[in-house]
Amino acid sequence: MHRYLLIILAVTSLLGLSFAVQAAEPVVIASWEYFWPSSEDDRDFDTADWTPLPANLDPGNRNVRTRLWLRAELDPADGDLYLPGVFMLFTVYADGSKVYDFQDFLGSMSTPWHIVPLSDFQNSARTMIVLDVHSDYSRIGFMAPPRQGDAAVIIEQMVRQDLSKLGLTFFYIFLSLAAAVMAIAKRDISFAALGLLALSMAGYGLRYTQSRQFIQPDPAFWFYVWSISFSVMMPAFLIFYLNIFPKSSKLLRHLLRINVLFSGIALLLVLAAVANIQWSTLGNVFTTAFRVLLVASLALVLVSSAMQWRKGNSEAGILLLGILVSLTLALVDVLFALGIIMLEAPMVQWGTFTFILTLVAVLAFRYAATERKISQQALKLAENIREKSLYIADLHDGIGSITSNISALASTDPKQNPDVLNKIQQLATKGQDEIRSFMYSLDEDSERVSALAADMRRFGVDLLDQHGIQLDFRASGQLDEASVSSYTHLNLFRVFKESLQNIITHAKATKVEIRIEVLEDTLVMTVEDNGTGIASVSANSNSRGINGMRERINKLKGTFELVSEQGVSIRIELPLEGGDRE
């Protein structure tokens with residue numbers, strides 16, 4: 001498709017060059033005069049009191065008049081007369097003879113240009129051209145300055161001017177097809193709404209091209225295309241907006257329902273026009289109400305977007321910027337329609353293009369963020385599964401060792417080993433603690449460092465009080481904002497218990513100090529006692545208890561330091577990475 005488009009553009013350019021060589025550029029006719037006739041039957045152009053037409057083409061002093069005469073003296077040898085749109089119905093006279101008549105009401109709103117042939121007057125040195133114009137619209141007369149020149153050159157210039165608009169139309173059509181595919185693949189109504197909006201933009205924009213008469217010469221067809229496109233724009237946009245920003249005002253949802261209702265009525269009126277049913281008065285009232293509804297809906301969208309942008313929603317800021325740029329260009333077109341400024345062509349297509357690009361950008365950013373979130377959740381789920389497998393295996397080893405010892409002790413003769421029942425009871429208690437720790441690690445609340453610290457404090461007080469050892473436990477830092485994985489929770493808690501058991505068994509301590517701190521992205525735990533220290537074993541002892549604690553911390557990518565001077569000091573540092581920090 002792109003290849004064919006390039007061929008068309010190349011051929012058009014070559015034709016334009018050949019036309020430029022063969023004929024002179026059309027010239028703007030600036031010598032127009034106007035007159036307000038007082039009678040519908042008056043055709044006495046010669047006796048009228050003509051006044052020069054201002055440069056802005058607005059005759060002024062219209063009041064409620066609906067009829068206007070416009071005239072200019074031309075040289076037929078300079079070429080045909082090109083009228084780039086006229087408000088609304090008109091007849092052209094050349095030296096008093098009717099040479100062109102346009103009385104199609106629907107066509108008057110959809111016909112972009114007229115070429116009046118003057119070849120029959122080539123023998124005349126000067127020919128007086130008069131337009132008899134009728135309009136009940138807010139404007140009457142010329143949309144843009146008329147020109148005179150070779151018809152082929154005029155057509156070539158129109159095609160050149162429309163290349164950008166036609167390019168935008170192809171872009172909208174391609175975007176609507178791509179959005180439809182994405183809507184089906186992703187099952188996301190946001191893409192469907194974007195596709196419908198892009199398709200309506202294509203029809204709406206094509207309505208403002210001069211080349212559309214070569215695609216379909218029937219002006220009524222373009223009126224229907226414009227009406228349908230205009231009707232579905234706001235409902236499609238509101239559906240898109242509410243799906244992207246679901247926390248928007250409930251009033252917007254009510255406005256969406258009203259817009260859908262109005263769009264349905266508009267489509268019925270289009271069908272009535274196709275069936276030649278007269279609805280002029282009703283249609284004008286409805287069109288005015290529909291425009292008021294569109295303005296109200298857009299105003300509420302602006303307010304909603306601004307509020308969400310102020311709360312830090314960057315997508316809302318992007319959309320707000322796009323809407324403001326589009327409204328600025330739309331205002332330029334309104335000034336043109338009111339005759340305040342003059343334009344060769346409307347600017348609305350660039351406003352719609354900017355608007356649609358911001359919607360694409362917003363959807364792309366939002367979808368990318370969603371994909372990242374899903375990816376992060378998938379990674380977190382995979383990590384959780386890995387951790388569950390690790391500590392289930394760890395639990396199996398711990399419980400397996402305990403049950404094996406219980407089984408061995410149970411086969412021992414109590415007479416030969418009177419303390420066997422106490423040992424079995426101790427092992428059973430240890431097994432219960434293992435299971436209790438495992439269950440705590442599965443609790444979501446236990447993943448908070450604050451919850452971990454509370455568990456350690458409770459366990460330490462219960463255990464050390466039984467042996468008359470004083471506990472000084474302190475926790476500091478942003479404990480409620482930091483969290484650890486359940487696997488980290490389980491292993492760190494086991495290291496903590498092991499260190500306390502070593503103190504009770506070997507240290508002969510009377511006091512234990514425990515500190516839990518969150519420093520930047522690091523969790524620090526220190527356990528110190530005032531016991532005898534490790535006199536016969538170096539700090540780097542490979543004894544089973546110390547070595548086991550070191551291995552657990554290494555698995556967590558942390559550091560384990562043991563210092564034995566006046567008592568024993570253990571310092572553990574663990575990184576708080578990714579999901580461990582909120």
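Cut-off values and rules
- Residues numbered from 1 in each chain as written.
- Predicted model: local features only at pLDDT ≥ 70, side-chain atom pairs only at ≥ 80, totals over all residues.
- Heavy atoms only, no water.
- Pairing = 2+ DSSP bridges.
- Helix = DSSP H or I, 4+ residues; strand = E, 2+ residues; numbered from the N terminus.
- Core = buried A, V, L, I, M, F, W, Y, C linked by side-chain atoms within 4.5 Å.
- Buried < 20%, exposed > 50% of the residue type's maximum accessible area, 1.4 Å probe, protein only.
- Contact = heavy atoms within 4.5 Å.
- Expected span 1.5 Å × (residues − 1).
- Bend = angle between axes of the 7 residues up to and from the residue.
- Axes fitted to C-alpha atoms, helices over the stretch in contact; angles between N-to-C directions.
- Parallel < 35°, antiparallel > 145°, perpendicular 65-115°, else oblique.
- Left-handed = near helix turned anticlockwise from the far one by under 90°.
- Nonpolar A, V, L, I, M, F, W, Y, C, P; charged D, E, K, R; others polar.
- Salt bridge = Lys/Arg side-chain N within 4 Å of Asp/Glu carboxyl O.
- Phe/Tyr/Trp six-rings, centres within 6.5 Å; stacked < 30°, edge-to-face > 60°.
- Lys, Arg positive; Asp, Glu negative; His and termini not counted.
- Polar contact = N/O pair within 3.5 Å; in protein donor to acceptor, adjacent residues only side chain to side chain.

Student: When you look at the sheet that holds strand E5 (residues 80-83) in this model, what are you seeing that I'm missing?
Tutor: An order of E1-E12-E5-E9 is seen for the four strands of this open sheet, with the pairing classed as antiparallel. Of all the strands in the sheet, just strand E1 (27-28) and strand E9 (114-116) have a single pairing partner and so form its edges. Across three bridges, E5 lies against strand E12 (residues 147-149) in antiparallel orientation. If you follow Tyr 82 over to E12, its bridge partner there is Arg 147.

Student: Explain the nonpolar core here, please?
Tutor: Nonpolar side chains in soluble globular proteins tend to be buried together. Leu 197, Phe 237, Tyr 241, Leu 319, Ile 356 and Leu 359 are the most contacted members of the largest nonpolar core, which has 47 residues in total. Within the residue set of this core, elements represented by two or more residues are helix H3 (151-186), helix H4 (189-206), helix H6 (219-244), helix H7 (250-274), helix H8 (280-310), helix H9 (314-337) and helix H10 (348-410). Sorting elements by how many residues they give to this core places H6 first, with 11 residues. What Leu 359 contacts, discounting residues up to four positions off in sequence, is Leu 194, Leu 197, Phe 237, Phe 240 and Leu 319. One finds Val 449, Leu 492, Val 518 and Ile 553 within the second-largest nonpolar core, a separate group that totals 40 residues.

Student: Even after reading the chapter, I still don't get H6, so can you show me in this structure?
Tutor: Since the α-helix advances by 3.6 residues per turn, residues separated by three or four positions end up pointing in the same direction. In a regular helix each residue adds 1.5 Å, so 26 residues correspond to 38 Å; H6 covers 38 Å between its end C-alpha atoms and thus fits that length. When the local axis directions of H6 are compared, the greatest deviation, roughly 30 degrees, occurs at Met 233, which is followed within four positions by the proline Pro 235. Counting buried residues along H6, 22 of its 26 residues qualify, which places the element largely inside the surrounding structure.

Student: Any chance you could explain the packing of helix H12 (residues 449-465) against helix H13 (residues 486-507) here in plain terms?
Tutor: Two measures define how a pair of helices packs: the angle their axes make with one another and the distance between the axes. For the pair H12 and H13, interaxial distance at closest approach is 11 Å and the crossing angle is 20 degrees. Considering their axes alone, H12 and H13 lie roughly parallel with respect to each other. Considering the relative orientation of H12 and H13, their crossing is right-handed. Side by side, H12 and H13 meet where Leu 452, Asp 455, Met 456, Phe 459, Gly 460, Leu 463 and Leu 464 of the first sit next to His 489, Leu 492, Phe 493, Phe 496, Lys 497, Leu 500, Gln 501 and Ile 504 of the second. Split into classes, the residues belonging to the contact of H12 with H13 amount to 10 nonpolar, three polar and two charged.

Student: Before we go on, may I ask you to explain the pattern of salt bridges in this structure?
Tutor: Where charged atoms from two side chains of opposite charge come close, those side chains can pair. By the definition in use, this model includes 12 salt bridges. A salt bridge links Arg 67 to Asp 132; the shortest N-O distance between them is 2.9 Å. With a gap of 65 residues between them, Arg 67 in strand E4 (residues 67-74) and Asp 132 in strand E10 (residues 127-134) connect regions that are remote in the sequence. In terms of burial, Arg 67 and Asp 132 fall into one category: buried. Among the ionic pairs, Glu 371 bridges to Lys 186, the shortest N-O distance being 3.9 Å. Note that Glu 371 is positioned in helix H10 and Lys 186 in helix H3, a separation of 185 residues in sequence. Assessed through its relative accessible area of 37%, Lys 186 is described here as partly exposed. Salt bridges sharing common partners tie together Asp 472, Arg 474, Lys 511, Glu 513 and Arg 515.

Student: Help me out: how do you make sense of the pairing of E4 in this one?
Tutor: Side chains on a regular strand alternate between the two faces of the sheet. Counting buried positions along E4 gives seven out of eight residues, so the element sits mostly inside the fold. Judged from the three bridges that link them, strand E2 (residues 33-35) and E4 form a sheet pairing that is antiparallel. Along E4, the bridge assignment pairs Glu 33 with Arg 71.

Student: How should the packing of aromatic side chains be read in this particular structure?
Tutor: Any pair of aromatic rings gets described here by the distance separating the centres and the angle formed by the planes. Within the structure shown, the criterion is met by 27 aromatic pairs. Note on Phe 45 and Trp 69: the rings are 4.7 Å apart at their centroids and 80 degrees apart in plane angle, and the pair reads as edge-to-face. Residue Phe 45 is located in the loop between E2 and strand E3 (51-52), and its partner Trp 69 is located in strand E4; the two are separated by 24 residues in the primary sequence. For the ring pair Phe 230 and Phe 290, a centre distance of 6.0 Å and an interplane angle of 75 degrees mean the geometry is edge-to-face. Placement of Phe 230 in helix H6 and of Phe 290 in helix H8 is noted, with a sequence separation of 60 residues between them. The exposure class assigned to Phe 230 is buried, which follows from its relative accessible area of 18%. Given a relative accessible area of 3%, Phe 290 falls into the buried group. Within the aromatic cluster, the residues linked to one another by ring pairs are Phe 35, Phe 45, Trp 50, Trp 69 and Tyr 93.

Student: Looking at this structure, how should I read the side chain of Asp 188?
Tutor: If you trace the backbone, Asp 188 turns up in the loop between H3 and H4. Although Asp 188 is buried, it forms no salt bridge, and the closest oppositely charged side chain is Lys 186 at an N-O distance of 8.9 Å. A polar contact of 2.9 Å, which involves the side chain of Asp 188, links it to the backbone nitrogen of Ser 190. If we ignore the near neighbours within four places in the chain, the residues touching Asp 188 are Ala 183 and Tyr 367.

Student: How should unusual backbone geometry be read in this particular structure?
Tutor: Among all residues save glycine, negative phi is the norm, and among peptide bonds the norm is trans. Cis rather than trans, the peptide bond between Phe 87 and Met 88 has omega equal to -10 degrees. If you trace the backbone, Met 88 turns up in the loop between strand E6 (86-87) and strand E7 (89-94). The phi dihedral of Asn 63 falls on the positive side, at around 60 degrees, and the residue is not glycine. Checked against the element boundaries, Asn 63 lands in the loop between E3 and E4. The exposure class of Asn 63 is exposed, given its relative accessible area of 69%. Of note, Lys 557 is a non-glycine position whose phi angle comes to about 65 degrees, a positive value. Along the polypeptide, Lys 557 turns up in the loop between helix H14 (544-555) and strand E16 (559-565). Residue class for Lys 557 comes out exposed when judged on its relative accessible area of 69%.

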